[in-house]
Every structure is written in structure tokens, then in C-alpha cells.
Amino acid sequence: IFFNSVVAAFTGWIDSRNDPTKAVILGDGSAVDAGVLKDVAAFMEKEKVSFAWENGDVLIVDNWVTMHSRQPFEGPRKVLASVFRGDDADAKGQPAHAILTSGDKIPLVGLGMWKIPKESCQKVVMDAVKAGYRCFDNACDYGNEVEVGSGITEALKSGIVTREKLWITSKLWNTYHAKEHVRMACLKTLKDLNLKYLDLYLIHFPIAQKYVPIEKRYPPEWSYDPEEKKEFTKSIVQVPVPVAETWAAMEELVSEGLVRNIGVANFNCALLRELMKTAKIKPVVNQVELHPYLTQPKLIRFCRRNGIHMTGFSNLGAPSYVELGMATKADFVLDQKCVVEIAKAKSRTPAQVVLRWHLQRGTSIIPKTTKEHRLKENIGLFDFSLTKEEMEKVSALNIHRRFNDPGVFADIPIYD
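Computed from a predicted model, the values in this text were never measured in an experiment.

Engineer: I keep staring at the overall build of the chain and nothing clicks. Help me out?
Structural biologist: A tally of regular secondary structure across the chain gives 14 helices and twelve strands. In the chain, which comprises 416 residues, the proportion classed as buried is 49%. Of the contacts formed within the chain by residues at least 6 apart in sequence, a portion of 71% connects residues at least 24 apart.

Printed below as a string of C-alpha cells:
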């Protein structure tokens, strides 16, 4: 095993300002013997493998296992690479995960379970696992975690996948924000999913609502008492629970081993700043609405600078909201001329173009579908790419159009 970064550091510091024999320093402050590094570099040069490239072949360089030598003033850079196939790569060698600040790896493509009918969940989960999915995005509020759990249990029993290879996300609903309710809500989700731990647990919204006991109604949904003849927005009862209180209880779930990672959803920059002032464990993920009509570049930059990975939901924009009366077919980004033209040029579907656009922005995605061919289509994103110009064309579709906005459907504004 060779550490490419070590060799690259040695071979890369060859210029008038630097001494390559002092480029690589051990933990005690001493330099690695230059002769050893020369021998390693010579071995790599001698044992290198050359390929005869044919038209259509693609070379993908993964920077997690590659380090270029700098050589800023003397000719082209060298690239010292390990070529491997493992759990961190798909069939084409493209990394299929993002590494969180916790060190855990979250799949870049997952399956969102929102609005998937209960009767379909078990089969959809199995179909997805067979298609290569390892990430499943759930929530108490989706009302189908029992059925999703049945699918996960079936997949594990079949031997297709092990629990360690799965990434299961769920979310804390608004009515369970008080510190005494967080653990209880998490245990309910774990029971429904038939799991011992979650890979990621998110605060679903930065909105605290009045507690509804599990035995009274589950999931609680938005209205405190749906049977009351009240206007929807007036049926929502908020309570003054600080996010810091909820987050401290989330941190205890990590300490107890019930969840591996914690994060948030639907948080803006101001809310994240406030949370990080008191957090002992910083959020590793912020899951928000992202699509070409709502690109949120400032939020993405803020999260990246603070080590918070971004996951986008509603990746294709309007489709999930048409039946809810929150969008029309005129809102479909997949019908945009530039998306259709790029798809045609690359022999891909418009959906694949938009989903690939997300990945190249550095965000993970959780598109929803119940159809087998769409499951395969939505994960088949790693053997093509968009050019800079194509990325810019898709990004230029931004009109700040938000489909999932509590400020609109619940009269609870939370966004800038």
C-alpha cells in the first residue's frame, strides 16, 4: 500500500524555493528519509501499467485516492493514482459517496420514501437494493416507516446486502422537539424500521409544535386536532422550544449509539449559525429543497465552508407537488429546452441530466420513484458528465421557485 499524498509531496516540491528532502515530515518533526521516498517513487514508475486507450474509453480520477504533485514551475504535473474497485466506487470507478465530517460515507444517490404508498414500500425497497441503492431517506411524517422497515428486513434476510452497507436516514417531527420527547420519537422510528440504529437523524423542520402523544395519533402531521373544524393554518399550534434544546437531545442519541450522525433539514444560514454556537456536535448534513428552479448557491457555499454536507430533496422540482395542488405541469423543469437538448446530445433522459447536475454541484440526491426502470435510470449517473457550459445553462434556470414552503401552506415563514 502506497500513500500517494506522501510521494506526491516529495516529487512535487521540486522548485527553487523548496527542499524535497524536507517535504514529508513525520509526527515527531523529523523528515522522512529521501532515499526511501526515491525508492518508492522509482518502484511506482517501474511497476506502472500503461493502457492502450480506445475511442469511448473513460478515465475517472478520484481525488480521495489521488494526489497530484505540484511542480508549479517545471513542466506538466504528474498524477500519482491508485486504480481500484471497492465499496467506495460504483461499476465505473466513480466515487458513490460523500465523506462527512464524522468520517462516515453517505451515498450520493438515495431513494426518497416521501409519498410512496404503504402497499408499495416493501417491494420498492427490495427493487432498489437489487438496483444498487444503499441509501433510504425516511421520516416519521411520511407515515410508511413500518412498511419500509419490512423491505429493509427482507433485503437483509435475502443476503443481498448487510446492515453495515446500508445508510438509513430518518427525521424528527415537529411535535417531538422538547428534550423529553426526542429519544421517544427516535425509538419509535427504530421500532418501525426494525433497526438498532440510524445512520442519520435530522430535525425535519425548524418548527416546534405542540406535543401529540404517539398513542393518540401517529404520525401527528401538522394539525394539532384534525377533527376540529378549523382553517388549516389555525389548526397548527406552535410552542417555544429552542432549537438548542432539541439539538442537545439529538446529541444524546449519538452518545447512546441510537444514531451515528445528526443533522438538520430546511435550515437557512442564520439558523445554522445560531445552532453551531452551542452545538457540541455540529450538524453533518442539511437537507433542503434543491432543483434548477431553486439553486440556493449561497446556502451551498455556507454549508461547504462549515463542513456541512448538502442533500437535496425534490431534485426534479415540480412533479411531486402537482397532485398536491402546489405546482402545475407548466412548472416542469424537465421540459426546459436546454435540459431536453443536453439530454438528446448525451443520449440520456432529461431527469438524468438534472440529477447529474446536482451531483456535479457537490450535493447528494434522494429522487423518489416506484418504477423499476426509473430506479435504474436515477442511479445511472456515474458514466457521463456535464460540461461547464451545460452546468451553467441548467443553473441559469434558477427563478427562486420553492415548492415546499411552510410559509405558504402553513403560514409559518422559515426561509430568508
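Engineer: Got a minute to help me understand the nonpolar core in this structure?
Structural biologist: Inside soluble globular proteins, nonpolar side chains tend to come together where they are buried. Ranked by internal contacts, the top residues of the largest apolar core, which has 104 residues, are Met-113, Phe-136, Leu-198, Tyr-201, Met-250 and Leu-272. Residues contacting Met-250, with those up to four places away along its chain left out, are Leu-172, Val-182, Tyr-201, Leu-202, Ile-203, Ile-262 and Gly-263.

Engineer: In this structure, what is going on with the confidence of the model for the chain? I would like to understand it.
Structural biologist: The predicted coordinates of low-pLDDT regions are not to be read in fine detail. Put simply, the chain has an average pLDDT of 86, and 80% of its residues get 70 or more. The model gives residues 1–5 a pLDDT under 50, and that stretch makes nine contacts with residues more than four places away or in other chains. Here residues 61–94 is modelled with pLDDT under 50, and outside its nearest four sequence neighbours on either side it reaches 62 contacts, counting other chains as well.

Engineer: I tried to follow unusual backbone geometry on my own but got confused; where do I start?
Structural biologist: Apart from glycine, the bulk of residues carry a negative phi angle, and the bulk of peptide bonds sit in the trans form. Across the junction of Tyr-218 and Pro-219, the peptide omega takes the value -5 degrees, indicating a cis bond. Mapped onto the elements, Pro-219 comes out in the loop between strand 8 (200–203) and helix 6 (243–256). The backbone phi angle of Ser-347 is positive, close to 55 degrees, even though this residue is not glycine. Relative to the elements of secondary structure, Ser-347 occurs in the loop between helix 10 (337–346) and helix 11 (350–360). A positive phi angle is found at His-400, which is not glycine, with a value near 60 degrees. Inspection of the secondary structure puts His-400 in the loop between helix 13 (388–395) and helix 14 (406–409).

Engineer: What is the right way to look at helix 6 in this model?
Structural biologist: The terminal C-alpha atoms of helix 6 lie 20 Å apart, and with 14 residues this matches the ideal 20 Å at 1.5 Å per residue to within 8%. Three or more residues of helix 6 are buried, namely Thr-246, Trp-247, Ala-249, Met-250, Glu-251 and Leu-253. Against the buried residues of helix 6 lie strand 7 (167–172), helix 5 (179–193), strand 8, strand 9 (262–265) and helix 7 (269–278).

Engineer: Any chance you could explain the packing of helix 5 against helix 6 here in plain terms?
Structural biologist: Helices that pack against each other are described as a pair by the angle of their axes relative to one another and the distance between those axes. Contact pair helix 5 / helix 6: the axes reach a minimum separation of 8 Å and the direction vectors enclose 45 degrees. Overall, the two elements helix 5 and helix 6 adopt an arrangement that is oblique. Our pair here, helix 5 against helix 6, has a crossing hand that is right-handed. Contacts from Lys-179, Glu-180, Val-182, Arg-183 and Cys-186 in helix 5 reach Glu-245, Thr-246, Ala-249, Met-250, Leu-253 and Glu-256 in helix 6. Of the residues assigned to the contact of helix 5 with helix 6, the class counts are five nonpolar, one polar and five charged.

Engineer: What is the right way to read empty space enclosed by the protein from this model?
Structural biologist: Where empty space is left becomes clear once a probe the size of a water molecule has been rolled over the atoms. The final tally for this structure, using the stated rule, is one cavity of 30 Å³ or more. The calculated volume of the largest cavity comes to roughly 70 Å³. Every residue lining the largest cavity is counted, 13 residues in all, and those nearest its centre are Ile-106, Cys-135, Thr-169, Thr-311 and Ile-366. If you list the elements that add at least two residues to the lining of the largest cavity, you get strand 4 (105–107), strand 6 (135–137), strand 8, strand 10 (285–289) and strand 12 (364–365). In terms of residue class, the lining of the largest cavity is made up of eight nonpolar, four polar and one charged.

Engineer: Hey, could you run me through the pairing of strand 10 in this one?
Structural biologist: In the case of a regular strand, side chains alternate between the two sheet surfaces. Of all five residues in strand 10, five are buried; the element is thus mostly enclosed. As judged from the two bridges shared by strand 9 and strand 10, these two strands associate in the parallel manner. Its bridge partner lying in strand 10, Val-264 is registered against Asn-286. In this view, the connection linking strand 9 to its parallel neighbour strand 10 by way of helix 7 has right-handed handedness. Direction of pairing for strand 10 relative to strand 11 (residues 309–313): parallel, over a ladder of five bridges. Across the sheet, Val-285 pairs through a bridge with His-309, a residue of strand 11. Where the polypeptide runs from strand 10 across helix 8 (residues 297–305) and back to strand 11, its parallel neighbour, the crossover connection is right-handed.

Engineer: Mind showing me how you'd approach the sheet that holds strand 7 here?
Structural biologist: What holds strands together in a sheet is hydrogen bonding between their backbones, with the strands either parallel or antiparallel. A sheet is described by the order of its strands in space; here eight strands give the open sequence 5-6-7-8-9-10-11-12, paired in parallel fashion. Among the strands making up the open sheet, the edge pair consists of strand 5 (111–112) and strand 12. Of the pairings in the sheet, the one linking strand 7 to strand 8 comprises four bridges and is parallel in character. Considered in strand 8, the bridge of Lys-171 is made with Leu-202. The strands touched by helix 5 are strand 7 and strand 8; relative to strand 7, the strand with the most contacts, the crossing angle is about 140 degrees.

Engineer: So what exactly am I meant to see when it comes to the packing of helix 3 (residues 118–131) against helix 12 (residues 372–379) here?
Structural biologist: Interaxial distance between helix 3 and helix 12 falls to 10 Å at its minimum, and their mutual angle equals 40 degrees. The orientation of helix 3 with respect to helix 12, classified from their angle, is oblique. The way helix 3 lies across helix 12 gives a crossing that is right-handed. Where helix 3 approaches helix 12, its residues Lys-123, Val-124, Asp-127, Ala-128 and Ala-131 are matched on the opposing element by Glu-372, Leu-375, Lys-376 and Ile-379. Its residues assigned to classes, the contact of helix 3 with helix 12 comprises five nonpolar, no polar and four charged.

Calculation rules
- Residues numbered from 1 in each chain as written.
- Predicted model: local features only at pLDDT ≥ 70, side-chain atom pairs only at ≥ 80, totals over all residues.
- Heavy atoms only, no water.
- Helix = DSSP H or I, 4+ residues; strand = E, 2+ residues; numbered from the N terminus.
- Buried < 20%, exposed > 50% of the residue type's maximum accessible area, 1.4 Å probe, protein only.
- Contact = heavy atoms within 4.5 Å.
- Core = buried A, V, L, I, M, F, W, Y, C linked by side-chain atoms within 4.5 Å.
- pLDDT = per-residue confidence, 0-100.
- Expected span 1.5 Å × (residues − 1).
- Axes fitted to C-alpha atoms, helices over the stretch in contact; angles between N-to-C directions.
- Parallel < 35°, antiparallel > 145°, perpendicular 65-115°, else oblique.
- Left-handed = near helix turned anticlockwise from the far one by under 90°.
- Nonpolar A, V, L, I, M, F, W, Y, C, P; charged D, E, K, R; others polar.
- 1 Å grid on protein atoms, 1.4 Å probe; cavity = no way out; pocket = protein on both sides within 12 Å on 5 of 7 lines; lining within 4 Å.
- Points joined across faces, edges and corners; volume = space filled by probe spheres on them.
- Pairing = 2+ DSSP bridges.
- Right-handed = clockwise from strand over helix to strand, strands pointing away.

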